[in-house]
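# Residue-level structural notes
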Amino acid sequence: MNTAAVMTLNSLSIGERGIVSEIEGHDAAAIRLMEMGIIEGEEMELIGKAPLGDPLEFSLRGYRLSLRKQEAGRVRIERAQ
Amino acid sequence: MTNAAPLHAALIGNPNTGKSTLFNALSGLNVRTGNFPGVTVEAKFGKTQHDNRTIQLIDLPGTYSLAPRSLDEMVAVDVLLGQKANVPHPQVIVCVVDAGNLERNLYLFTQLLDLHLPIVLVLNMWDTAQNRGASVDLDELRKRLSVEVVTTIAAKGVGIEDLKAAICRAADRAAAPSVPRPAAVDAAVQALQKQLPDGTADFLVYRGLMDVDGEAEKRLGRIAGGNFSEQLRSAREELTNAGIRVPAAETRWRYDWIRQLLAGVAVDTDRRQRTPSDRIDKILTHQVGGVLVFALTMLLVFQAIYTWAGPLVELIEGLQAFLGETVSSFVPPGILRSLLVDGALAGVGSVVVFLPQILLLFLFISILEDCGYMARAAFLADRMMAPLGLNGRSFVPLMSSFACAVPGIMATRTIENWRDRMVTILIAPLMSCSARLPVYVLLTTAFIPDEFLGGWLSLRALVLFGMHLVGLVFAVPIAWVLRKWFFRGETSLFVMEMPTYKWPSPKVVLGRLKEQGGEFLMQAGTLIFCTSVVVWAAGYFPEDHTAQHEIQAQIEAAQASEPVEDARLAGLLAQQRVISGQLIEQSFLGRMGHAIAPALRPLGWDWKIGVAVIASFPAREVVIAAMGTIYSLGGEVDEETPGLQDAMRSAKWPDGRPIFTIPVALSIMVFFALCSQCAATLMVIKRETNSWRWPIVTFVYMTLLAYVAAGATYQIGTWMS
């Protein structure tokens, strides 16, 4: 996969980390994501998936947050080391 | 005795911080629940004492943010601004945070600072945080924030006295400084404030500017009149041109401030490290193992409310029958006895009978919620709820509704999103509850041939299975319609915290049980009782019951005589059944049944079925006893009584055709699968939504749906046969 291309949170594999670069849109859903701490520069790790691959469980700011693929797809990231 | 004016304090915090436990630890038994007009949220009020001073507490609903996007979320803002009628303006805010998750929990705290009220910051679950290896320099935190900071372990009652003292100290302190906002934002807020009446809170203007299309914007629009939204929009545009993107910028500067605040104050463990909670999740949210545990847990919960509640229900019914007999032995046959036994005692029984299911369900829910598993259950069930447009939080309430909608609807309180909660409440009564089963069994055994399709598939079993599916199938389009037309605006989101696992606290679990049981009895219970008595009266009046009472007295005399005159007694009983059947026909209920009879023709029903349906408004299962009375078999029949089945099989129209055919039996079953003949459900909806609107909507839509579907079943069935 081309790492220079735009990646979103839902494309991480389990155990992979990403650094948030942007959230698409500024509707209620986007604001809720930001309020939960998903902010530019923040590191997030995918730590689990529900049985059918959706929703996803992430680790950020020392806590665990679950998001649906659809919402996670709105969060652009860069791959972290 | 108190020697000073009471101090008013408000508790607020994120979900999963143990705030309610802390509130209960503070207020002990002095708790009462309060509703606010027009919204579904409720607040709890309590009080406590410290150094002869009374502290009045209000517990606000758990929230992640104070940027209101619905009327429900606006309640907390109004209370904190002192703009809620009958709720005193709080002098102190108690902000409860999870000591092990400071960074995100403090986001709400930064918004509270904007209210310019003294705050007590409570680091709850202090022991869990310390065990995890987190440490906080409390003195430094107090210095940097200039607010009172206390640590508590609410589930163990540790730190409660410190907290009370801190609340009293805070009342005499000045408010702490807010998180600085960019100069351009400050200028914009001040410019907007000049166009608003004096006294409009800075907080409201600030939120109006920051929350695009939020509740604050709507409120300001009403205060200012004219086109205030337009001004807010241009103010936001100017900010964006100045490089401050609303709303993203705000969350950014708040979180930056939190990080600076915590630097050198809070030492957390390595965040990349897996916690014990993560290791439990490896199993409990595992693709195979997790699903297995989930299925077994849900099966256990369902089994408990469907089966284990049975003996307790029988015990209650037995007690009710015993009390009825006791009353009857003192009170001679007559209106007083009927009122006491068939009205009042039956009414109380119809309320108490729900307690076993409610308590059992909440026993499980409280344990699962308190230990953190409910969030995992929602996580695992989320995809299953997608066809309904709901999220995983709705799974347990809807599943429980297959046993009984009353506890199921009460369980929707675990759904955070208002819209999802409302849709779940409104479709829960469609799930085929255990009270429908007797109706299905009666009609299936009496009218569906005992045949096997292809030699192995029982036709009767197929019909029973189909009846359980009918409601679920209709729930899908109805949920869609509700989301599309009734609850627009708020988008359904699944952004859910997965709290750290912990051992459930027996105190918390038992407290929750007591609260739920008590509230049901006091609030929904009174309404259910009243409905029962009203329906009793409609079935009793306006006819003259003298003859019936005389026969009853003769029967009782005959039963008491030695030796019992069997032949005479049998004659009297038969006579009594005939009179009872005539009386119900001539009662208000019977007249209503006759009046709606023409409307029932398309369903293939006669007036007797109509009377039975109306009489079963308090509870579906009553239809069987009502049928028994109408067919002069007495009210003590059940679904397996051969006499009732025979009477129904031999019932004829005036022209000699049988009334009950397979299409009619199916049409009655479909009707009962979809109708809302359950006063308890409607009253619980009233209680949970805090409005008469929703029980009325439920009754109307379910009755219409049941009528149309039953009619279609009959017509199609007749056409096919």
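Residues numbered from 1 in each chain as written. Chains lettered and ligands numbered in written order. Predicted model: local features only at pLDDT ≥ 70, side-chain atom pairs only at ≥ 80, totals over all residues.

Regarding its fold elements, chain A presents two helices and six strands. Starting at the N terminus, the α and β elements of chain A follow one another as β-β-α-β-β-β-α-β. A compact globule built from 81 residues should have a C-alpha radius of gyration of about 12 Å, and chain A, at 12 Å, falls within 12% of that. Dimensions of chain A, computed from C-alpha atoms along their principal axes, come out at roughly 30 × 30 × 25 Å. The contacts of chain A with a sequence gap of at least 6 include a subset with a gap of at least 24, amounting to 56%. (Helix = DSSP H or I, 4+ residues; strand = E, 2+ residues; numbered from the N terminus. Rg over C-alpha atoms; globule rule 2.2 N^0.38 Å. Contact = placed C-beta atoms within 7 Å.)

In this fold, Glu-73 of chain B is placed in helix α2 (residues 71-80). The spacing of Glu-73 of chain B and Tyr-540 of chain B is 467 residues in sequence and 47 Å in space, taken between C-alpha atoms.

This part is about the sheet that holds strand β4 (residues 56-60) of chain A. Reading across the sheet, the seven strands line up as β1(A)-β6(A)-β2(A)-β3(A)-β4(A)-β5(A)-β12(B) and stay open at both edges, with antiparallel pairing between neighbours. Two strands in the sheet have a free side with no partner beyond their single neighbour: β1 (7-8) of chain A together with β12 (495-497) of chain B. As defined by bridge partners, β4 of chain A adjoins strand β5 (residues 63-67) of chain A across five bridges and the pair is classed as antiparallel. When the sheet's bridge partners are listed, Leu-56 of chain A is paired in β5 of chain A with Leu-67 of chain A. (Pairing = 2+ DSSP bridges.)

Quick look at the environment of Val-509 of chain B now. Residue and element names in this part refer to chain B. Position of Val-509 relative to the elements: it lies in helix α22 (residues 506-540). Through-space distance from the C-alpha of Val-509 to that of Thr-21 is 9.9 Å; in sequence the pair is 488 residues apart. Filtering out sequence-adjacent residues up to four positions away, Val-509 remains in contact with Leu-363, Ser-366, Ile-367, Asp-370 and Pro-504.

This brings us to the sheet that holds strand β4 (residues 53-59) of chain B. Residues and elements named next belong to chain B. In spatial order, the strands read β2-β3-β4-β1-β5-β6-β8; together these seven strands make up an open sheet with mixed pairing. Edge positions in the open sheet fall to β2 (31-35) and β8 (148-151), since each of these has one partner strand only. With direction set aside, neighbouring strand axes in the sheet form an average angle of 25°. Two elements, strand β1 (residues 7-13) and β4, share five bridges in a ladder whose sense is parallel. By the bridge assignment, His-8 is partnered in β4 with Gln-56. Contacting β1, β2, β3 (42-50), β4, β5 (92-98) and β6 (119-124), helix α1 (residues 19-27) crosses the sheet at an angle of about 40° to β3. (Axes fitted to C-alpha atoms, helices over the stretch in contact; angles between N-to-C directions.)

Residue and element names in this part refer to chain B. Burial analysis of α1 places nine of its nine residues in the buried class, the great majority of the element. Buried within α1 we find Lys-19, Ser-20, Thr-21, Leu-22, Phe-23, Asn-24, Ala-25, Leu-26 and Ser-27. A positive phi of about 60° marks Gly-28, the residue just after α1. (Buried ≥ 20, exposed ≤ 12 C-beta atoms within 10 Å, placed from the backbone.)

Each domain of chain B was delimited in the assignment, giving domain 1 (7-170), domain 2 (184-243) and domain 3 (274-431). Each of domain 1 of chain B and domain 3 of chain B has a C-alpha centre, and these two points are 30 Å apart. (Domains from an automatic or database assignment.)

You'll often see interface size given as the accessible area lost when the parts meet. Chain A puts 29 residues into the contact, and the matching count from chain B is 31 residues. Secondary-structure elements contributing two or more residues to the side of chain A that touches chain B are α1 (28-35), β3 (43-49) and β5 of chain A. Here the side of chain A that touches chain B takes seven residues from α1 of chain A, the largest share from any one element. Split by residue class, the side of chain A that touches chain B holds 15 nonpolar, five polar and nine charged. In terms of strand pairing, β5 of chain A meets β12 of chain B through three bridges, oriented antiparallel. Within β12 of chain B, the position partnered with Leu-65 of chain A by the bridge is Glu-497 of chain B. (Nonpolar A, V, L, I, M, F, W, Y, C, P; charged D, E, K, R; others polar.)

All names here are of chain B. If you look at the biggest cluster of nonpolar residues, it comprises 140 residues, and the most contacted ones within it are Ala-377, Val-406, Ala-612, Ala-665, Met-669, Leu-674 and Ala-680. Counting residues per element, this core draws most heavily on helix α29 (residues 662-674), which supplies ten residues. Core analysis: the next-biggest nonpolar cluster, separate from the first, contains 81 residues, Ala-43, Ile-93, Val-120 and Ile-153 among them. (Core = buried A, V, L, I, M, F, W, Y, C linked by C-beta atoms within 7 Å.)

Before going further, it helps to spend a moment on helix α13 (residues 289-330) of chain B. All names here are of chain B. For α13, with 42 residues, the first-to-last C-alpha span of 61 Å sits near the 62 Å given by 1.5 Å per residue. Most pronounced at Gly-310, the bend in α13 amounts to some 45°, and the proline Pro-311 follows within four residues. Inspection of α13 places Gly-290, Phe-294, Val-301, Ile-305 and Ala-309 among the buried residues, and these make up the whole buried set. Looking at the buried side of α13, the elements it contacts are α12 (276-284), α15 (355-371), α16 (373-385), α17 (395-401) and α18 (405-410). (Expected span 1.5 Å × (residues − 1). Bend = angle between axes of the 7 residues up to and from the residue.)

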